[in-house]
Amino acid sequence: MTNSLHTLQNEFWQVGILPETGASVAFGRVKHSTDWLDVMRPTPVEDYDNSSNSASFVMIPWSNRLRDARFQYDGQTHQLEINQSGEGLAIHGDVRQRVWKVARSDKKRLDLTFDSRDYADVNFPFAFSAKANYWLDEHNFYMELALKNEDAQPFPAGFGHHPYFVRPEGSMGVLVEIDCDKYYEMTAHMPDAAAVAVTDEVDFRNLRSLPETGFDELLTGRHTELTGRIIYPAWNTQIEMVSDPIYEHTILYCPKDQPFFALEPATNANDGFNLLAKGVEGHGVFVLQPGEEKSGVIRLDYQMT
């Protein structure tokens, strides 16, 4: 696999994109005094062909996990290929290791396209196309995803981005705020019922440090455009994540003893297709009619505090 790097840069941001590695983000840096500062987890050059080690990867045509790699829709059961992690499920869609085509490229914008009909082994039973657009405008780094039904029948769908951010050492190395008042009670990362009110443990509506013991929770119930606020006190740096309303869900993933964490905006809940089939409210899955397209923009706003 080739892994050419496209770099976007303006006065405030420097962003690397890897079209041949699922339209993944290789790095996201902000101008801090006279230096570039990594705020997104930088991808080692030797891992440019591995989206799992990227700064952010694209999740299409569903986000997060599907129980037993299986879902029901319109009276039919669809069995997908099981992810190789050994968990017995399908995870994060199908496009993050695929080659995307460059539709537009300049110093401040990169537009990429994908069509499942170009591949015989796509792990989804319906034909779709997708777009991943990235651009810079002053303090803002934009990430836009779009998903279109290229099939002759409707199908359930979802998408999301999986941004990783740098986590400096110490309990006050980074502070996070997430505007969500509900979360899903899960077993093995899978919910079985609708979201409930956040408990103190998972409530990030006020700025706080990240848990030291590990954390992986699915949040929802956002009431403003602000998905999350990330503050690095030692660097006097703030990143605000602003997402379109279609991104109903936010996952906060903080692996124990790792120098990074993930703040993931997603349209659908974990196992969303099966929640839809069960009639569970708040699944976030949308059904695309033939020829229909849905899209959503995520904006990272960088400010010095």
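So, here is what we can say about the structure in this document.

Parameters and conventions
- Residues numbered from 1 in each chain as written.
- Predicted model: local features only at pLDDT ≥ 70, side-chain atom pairs only at ≥ 80, totals over all residues.
- Heavy atoms only, no water.
- Helix = DSSP H or I, 4+ residues; strand = E, 2+ residues; numbered from the N terminus.
- Rg over C-alpha atoms; globule rule 2.2 N^0.38 Å.
- Buried < 20%, exposed > 50% of the residue type's maximum accessible area, 1.4 Å probe, protein only.
- Areas by Shrake-Rupley, 256 points an atom, 1.4 Å probe, with all protein chains shown as cover.
- Lys, Arg positive; Asp, Glu negative; His and termini not counted.
- Charge placed at Lys NZ, Arg CZ, Asp CG, Glu CD.
- Pairing = 2+ DSSP bridges.
- Polar contact = N/O pair within 3.5 Å; in protein donor to acceptor, adjacent residues only side chain to side chain.
- Contact = heavy atoms within 4.5 Å.
- Axes fitted to C-alpha atoms, helices over the stretch in contact; angles between N-to-C directions.

**Observations concerning the overall build of the protein chain**
In step 1: Scanning the protein chain from terminus to terminus reveals one helix and 29 strands.
In step 2: Computed over its C-alpha atoms, the radius of gyration of the protein chain comes to 18 Å, within 12% of the 19 Å expected for a compact globule of 305 residues.
In step 3: Judged by the C-alpha coordinates and their principal axes, the protein chain covers about 55 × 45 × 35 Å.
In step 4: Within the protein chain, the fraction of its 305 residues that count as buried is 57%.
In step 5: Surface summary for the protein chain: the accessible area is close to 12,800 Å², and the carbon and sulfur share equals 44%.
In step 6: Each charge sign in the protein chain was given a centre, from 26 positive and 45 negative side chains, and these centres are 3 Å apart.

**Observations concerning the pairing of strand 3 (residues 24-32)**
In step 1: With six bridges joining them, strand 2 (residues 13-18) and strand 3 adopt antiparallel strand pairing. The residue bridging Gln 14 from the neighbouring strand is Arg 29, located in strand 3.
In step 2: Linking strand 2 to strand 3, which pair antiparallel, is a turn of five residues; within it Gly 22 sits at a positive phi near 65 degrees.
In step 3: Looking at chain direction, strand 3 and strand 4 (residues 35-38) are connected through four bridges and run antiparallel. Looking at strand 4, one finds that Lys 31 is bridged to Trp 36.
In step 4: Here strand 3 folds back onto strand 4, and the loop between the two strands holds two residues, one of which, Ser 33, carries a positive phi near 60 degrees.

**Focus: the side chain of Thr 237**
In step 1: With respect to the helices, strands and loops of the structure, Thr 237 is situated in strand 25 (residues 237-243).
In step 2: Within the structure, the side chain of Thr 237 is placed 3.0 Å from the backbone oxygen of Trp 235, a separation counted as a polar contact.
In step 3: Once you skip the residues sitting within four places of it in the chain, Thr 237 turns out to touch His 32, Leu 37, Val 39, Ile 230, Ile 231, Tyr 232, Tyr 302, Gln 303, Met 304 and Thr 305.

**Side note on the sheet that holds strand 4**
In step 1: The four strands are arranged 1-2-3-4 in an open sheet whose pairing can be described as antiparallel. Edge positions in the open sheet fall to strand 1 (6-9) and strand 4, since each of these has one partner strand only. Adjacent strand axes in the sheet meet at a mean angle of 25 degrees, parallel and antiparallel pairs treated alike.
In step 2: In the sheet, strand 1 pairs with strand 2 via four bridges, with the strands oriented antiparallel.

**Side note on unusual backbone geometry**
In step 1: The omega angle of the peptide bond from Ile 60 to Pro 61 is 5 degrees, so this bond is cis rather than trans.
In step 2: Take Pro 61: it is sitting in the loop between strand 5 (58-59) and strand 6 (65-66).
In step 3: The backbone of His 92 sits at a positive phi, close to 65 degrees, despite the residue not being glycine.
In step 4: Assignment of secondary structure puts His 92 in the loop between strand 9 (90-91) and strand 10 (101-105).
In step 5: On the basis of relative accessibility, which here comes to 8%, the residue His 92 falls in the buried class.
In step 6: Located in the positive-phi region is His 189, a residue other than glycine, with phi close to 70 degrees.
In step 7: Residue classification places His 189 among the partly exposed positions, given a relative accessible area of 27%.

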